[in-house]
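Examining the three-dimensional arrangement
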Amino acid sequence: MIKLINISKRYGEGAAAVHAVKNVDLEVAAGQIMGVIGESGAGKSTLIRCVNLLERPTEGSVIVAGQDLTRLGNGELPRARRNIGMIFQHFNLLSSRTVFANVALPLELAGMDKAAIKHRVNELLELVGLSHRAKAYPSELSGGQKQRVAIARALAPQPKVLLCDEATSALDPQTTQSILTLLKDINKKLGLTILLITHEMQVVKSICDRVAIISNGELIEQGEVAWFFANAKTELARRFISSTIHLEIPEEYRRRLSAEPVADALPLVRLGFTGETVDTPLISILSRELGVDVTILSADIEYAGGVKFGFMLAELDGQPEHTRSALAYLQDHKIQVELLGYVRRHD
Ligand SMILES: Nc1ncnc2c1ncn2[C@@H]1O[C@H](COP(=O)(O)OP(=O)(O)OP(=O)(O)O)[C@@H](O)[C@H]1O
């Protein structure tokens, strides 16, 4: 549905030129949700704005719904752009228009008659859960409601593709989740293809099917979300992944931790679960069959893209040879084992 072929974008000329996007190839299949994640200044906004030619790429082709937008003249481009809706971080609503009139605007511009506009806008407001606020003005709405209006407006011309430029970055975590749920709903109900950019891995984890990482204008890694959590290679990807996992050694244990084995101390391990981990009732097997008791200090294990991943901090209590077999057992089941040190039983 979206195909970017060798896209580059330079701002300015000569020595002062900024090469914001470099030789990007990206494909988003129909009905898919793709997330592009990157740090500030990585080139995310420039890249997404190249898809509807809000920024014209310096090189490369942009194909949306089978049309090469970079080859269209100024007369044909507006029609092709109707296939592409867009929402923004700061909603971009018209403050002098009501919710109804904001959503109606693209339909008025397209010359639709009044009765048809009324029908369509009411349908859209129902879809985004805002029928009861049709007469309100943007200043009377919460951030989440404003983004709902923006989504309804973007969907009014029945686009095939929705571009989301940091659409939840101005919202609190709970509202973010409700907007992400709405986007997923719309994706399923309407078969809409979604390309979003974000700096938050949580957003990717919540709704994306695929993810690409952009760094310094280049796509450095991409894949299905589940594959990505299990297999990402680059340091940046690993940093984004760990930003969604919250696991710390409790202070009380940290005080008793030493790097080397000491008398009367138990190994403290971090166990990593990835898409490759073999499902196993590991704690019962370790204690019943291998003679090692497991104390879980903390765990953050989640599902993304149908795969279980996450980490667990645990203390292992058993004879040294039993502990060695337990660690080997975990590794055989594709659980990543990291020995963090040894915790003395007493201060
Ligand atoms: N209109 C412009 N003129 C000149 N340079 C620009 C322009 N827009 C962006 N840039 C530069 O291009 C690079 C990429 O910027 P871009 O806004 O695409 O990154 P981003 O990943 O979206 O960052 P952020 O999350 O901070 O918005 C940056 O170095 C930025 O300063």
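The chain is annotated in an unreviewed UniProt entry as DL-methionine transporter ATP-binding subunit of Zobellella denitrificans. Recorded under Subcellular location (unreviewed entry), the UniProt text for the chain is reproduced unchanged: "Cell inner membrane".

Okay, the overall build of the chain next. Helix and strand counts for the chain come out as twelve helices and 15 strands. Considered along the principal axes of its C-alpha atoms, the chain spans approximately 80 × 55 × 35 Å. Burial status across the chain gives 48% buried among its 347 residues. Summarising the internal contacts of the chain: among those between residues at least 6 apart in sequence, 70% fall at separations of at least 24. As displayed, the chain offers around 17,000 Å² of accessible surface, 48% of which is attributable to carbon and sulfur atoms. Computed over 39 positive and 40 negative side-chain charges, the inter-centroid distance for the chain is 9 Å.

Ranked by internal contacts, the top residues of the largest apolar core, which has 61 residues, are Ile 87, Ile 151, Leu 162, Cys 164, Leu 183, Met 201 and Phe 228. Ranked by residues supplied to this core, first place goes to helix 5 (residues 143-155) with six residues. When residues of this core are assigned to domains, at least three map to each of domain 1 (2-236) and domain 2 (245-344). Leave out the neighbours within four places in its chain, and Leu 162 touches Gly 85, Met 86, Ile 87, Ala 154, Leu 183, Leu 192, Thr 193, Ile 194 and Leu 195. Val 51, Val 62, Val 64 and Ala 80 belong to the second largest nonpolar core, which has 29 residues in total.

What follows concerns the sheet that holds strand 1 (residues 2-11). Hydrogen bonds between backbone groups are what pair the strands of a sheet, and the pairing can be parallel or antiparallel. Spatially, the four strands line up as an open sheet ordered 2-1-4-5, and their pairing is antiparallel. Only two strands of the sheet have a single partner each, and these edge strands are strand 2 (18-28) and strand 5 (67-68). Pairing between strand 1 and strand 2: seven bridges, direction antiparallel. Residue Lys 9 lies in a different strand from strand 2, and its bridge partner there is Val 21. Taken strand by strand, helix 1 (residues 44-51) contacts strand 1, strand 2 and strand 4 (59-64), and its axis lies near 125 degrees from that of strand 1.

A separate point is the sheet that holds strand 9 (residues 210-215). Reading across the sheet, the six strands line up as 6-7-8-3-9-10 and stay open at both edges, with mixed pairing between neighbours. Two strands close off the open sheet at either side, each with one partner strand: strand 6 (84-88) and strand 10 (218-224). Each adjacent strand pair in this sheet contributes to an overall mean axis angle of 15 degrees, direction not counted. The pairing of strand 3 (residues 33-37) with strand 8 (residues 193-198) spans five bridges and is classified as parallel. Each residue of the ladder has a partner; that of Ile 33, found in strand 8, is Ile 194. Sheet contacts for helix 1: strand 3, strand 6, strand 7 (161-165), strand 8 and strand 9; angle to strand 8, the most-contacted strand, approximately 155 degrees.

In the vicinity of the ligand, the contacting residues are Tyr 11, Val 18, Ala 20, Glu 39, Ser 40, Gly 41, Ala 42, Gly 43, Lys 44, Ser 45 and Thr 46. At 2.6 Å, a side-chain N or O of Ser 40 approaches an oxygen atom of the ligand. Residue Ala 42 places a main-chain N or O atom 3.0 Å away from an oxygen atom belonging to the ligand. Relative to its unbound accessible surface of 630 Å², the ligand loses 56% to contact with the protein. When residues of the shell around the ligand are traced back to their parent elements, those giving at least two are strand 2 and helix 1. If one sorts the elements of the shell around the ligand by residue count, helix 1 sits on top with three residues. Split by residue class, the shell around the ligand holds four nonpolar, five polar and two charged.

What counts and what doesn't
- Residues numbered from 1 in each chain as written.
- Predicted model: local features only at pLDDT ≥ 70, side-chain atom pairs only at ≥ 80, totals over all residues.
- Heavy atoms only, no water.
- UniProt positions renumbered as here; feature names shortened; annotations may be inferred.
- Helix = DSSP H or I, 4+ residues; strand = E, 2+ residues; numbered from the N terminus.
- Buried < 20%, exposed > 50% of the residue type's maximum accessible area, 1.4 Å probe, protein only.
- Contact = heavy atoms within 4.5 Å.
- Areas by Shrake-Rupley, 256 points an atom, 1.4 Å probe, with all protein chains shown as cover.
- Lys, Arg positive; Asp, Glu negative; His and termini not counted.
- Charge placed at Lys NZ, Arg CZ, Asp CG, Glu CD.
- Core = buried A, V, L, I, M, F, W, Y, C linked by side-chain atoms within 4.5 Å.
- Domains from an automatic or database assignment.
- Pairing = 2+ DSSP bridges.
- Axes fitted to C-alpha atoms, helices over the stretch in contact; angles between N-to-C directions.
- Near = heavy atom within 4 Å.
- Polar contact = N/O pair within 3.5 Å; in protein donor to acceptor, adjacent residues only side chain to side chain.
- Nonpolar A, V, L, I, M, F, W, Y, C, P; charged D, E, K, R; others polar.

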